[in-house]
Amino acid sequence: MDILITILSVSAISTILAVLIIISERIFNNYGNVIIDINDGTKTLEVEGGSNLLSTLSGQKIFIPSACGGKATCGVCKLQVLDGGGELLPTEEPFLSPEEKKDDVRLSCQLKVKQNLKIKIPEEFFLVKEYKTIIEGISDMTHDIKEFRFALPEEIKFKAGQYVQVKTKPYGKIKESVFRAYSISSVPSDNKAVELIIRRVPNGLCTTYMHDHVKEGEEVMITGPYGDFYARDDAEEYVMIAGGSGLAPIKSIVEDVLEKGLDTKMIFFFGAVSKKDLYYVEYFKKLDEKYDQFSYVPALSNPTEQDNWTGEIGLITDVVAKYIENGDGKQGYLCGSPGMINACISVLTEKGIDESLIFYDKF
């Protein structure tokens, strides 16, 4: 009986404390209306305080890129906060260089809007729009990769290699919406739709939503375009390296170059573990056969006996080193895991490509 009374007492105390916390948050964290001055008065917002800067701006249809959906794991949502930001938070520290800290750069997903702010936003962010799309098609690429075609209500302008953010709806036990970044795989001239290649991440909130819950004909919100991963036009040759769903922006760049009739040479290395992880193989082989300026080199690091693989075998870095003799007139475009990209940067710089000419998209 004494134990039961103790348990009930602890439970009652916990409930009372929870209620007090909620009440105190409402009383003490009620910041009222706050003024946000953007780009020295170019734009002024009056908003309700209390939320983080990323979501506050999103609510005003100003969309700041955030590959992780505001969880402080990507470090993408950086903005200059010139006044009213308060002290730098420990969650921001790992993502900011000494120069950025000196220039008052902050992570907008971590900075809570508590008082009047003066911020700077790059002009290109004002071109980002929100689109209410319809899923027009879903295609299985591999055992864990699907390609989705999103029909748009209006034209979208983007550079080959850029990305959009997909917003989920609540599903199953997931009660809140999240948003995640995915590179566009379609060509910019196809401007009434975007295609995204999405690889399933175990327990990933957005990939689970897209793979298991989204059907053709369904409405899905996206925002974009974002990103500075796009082809520059001052190179003789692009050395492109990708793995998994990192194929998406490379496909867009290749198609864009060929469609525009540019004479830039391109070599595309795609790394996978075994044959079941390869996709778009015949498509790129046909481009290789049709265009002298384009070469396609798929490689498997650990093919199975059943694969009957006759192509390149080994780590993609070793294959790249075998094909690239020097870095003269070349630029690098890399998309894949951080480990793969870091290793490929080392190979390309060893071959003589300046690191400032190597562009990448890590995920």
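The shown structure was predicted, so the numbers you read here are calculated from the model rather than taken from an experiment. (Residues numbered from 1 in each chain as written. Predicted model: local features only at pLDDT ≥ 70, side-chain atom pairs only at ≥ 80, totals over all residues. Heavy atoms only, no water.)

Asks: Break down the environment of Ile341 for me, citing the residues and quoting the values.
Replies: Considering the arrangement of structural elements, one finds Ile341 in helix H8 (residues 338-350). Relative accessible area serves as the criterion here: at 0%, Ile341 is assigned to the buried category. In contact with Ile341, other than residues within four places in its own chain, are Leu334, Cys335, Gly336, Tyr360, Asp361 and Lys362. (Helix = DSSP H or I, 4+ residues; strand = E, 2+ residues; numbered from the N terminus. Buried < 20%, exposed > 50% of the residue type's maximum accessible area, 1.4 Å probe, protein only. Contact = heavy atoms within 4.5 Å.)

Asks: Describe the packing of aromatic side chains, with residues and values.
Replies: The full count for this structure, using the stated rule, is 16 aromatic pairs. A centroid spacing of 5.7 Å and a plane angle of 75° characterise the contact between Phe269 and Tyr323, whose relative ring orientation is edge-to-face. One end of the pair, Phe269, is in strand E13 (residues 265-272); the other, Tyr323, is in helix H7 (residues 316-323), and 54 residues separate them in sequence. Judged by centre distance (6.1 Å) and plane angle (45°), the ring pair of Tyr279 and Tyr280 falls under tilted. Looking at Tyr279, the relative accessible area reads 3%, which means it is buried. Members of the aromatic cluster, each reached through a chain of ring pairs, are Phe268, Phe270, Tyr279, Tyr280, Tyr283, Phe284, Phe294 and Tyr296. One Lys or Arg, Arg232, reaches over the ring of Tyr230 and ends 4.1 Å from the middle of that ring. Lying over the aromatic face of Phe359, Arg232 brings its terminal NZ or CZ to 4.1 Å of the ring centre. (Phe/Tyr/Trp six-rings, centres within 6.5 Å; stacked < 30°, edge-to-face > 60°. Lys NZ or Arg CZ within 6 Å of the ring centre and 35° of its normal.)

Asks: With reference to specific residues and values, describe the pattern of salt bridges.
Replies: Enumeration according to the criterion identifies 16 salt bridges in this entry. Among the salt bridges present, the one from Lys129 reaches Glu154, with a minimum N-O distance of 3.4 Å. With a gap of 25 residues between them, Lys129 in strand E6 (residues 129-140) and Glu154 in the loop between strand E7 (145-151) and strand E8 (163-167) connect regions that are remote in the sequence. Given a relative accessible area of 40%, Lys129 falls into the partly exposed group. The partly exposed category is assigned to Glu154, whose relative accessible area is 34%. Salt bridges sharing partners connect three or more residues here, namely Glu136, Arg149, Asp190 and Glu195. (Salt bridge = Lys/Arg side-chain N within 4 Å of Asp/Glu carboxyl O.)

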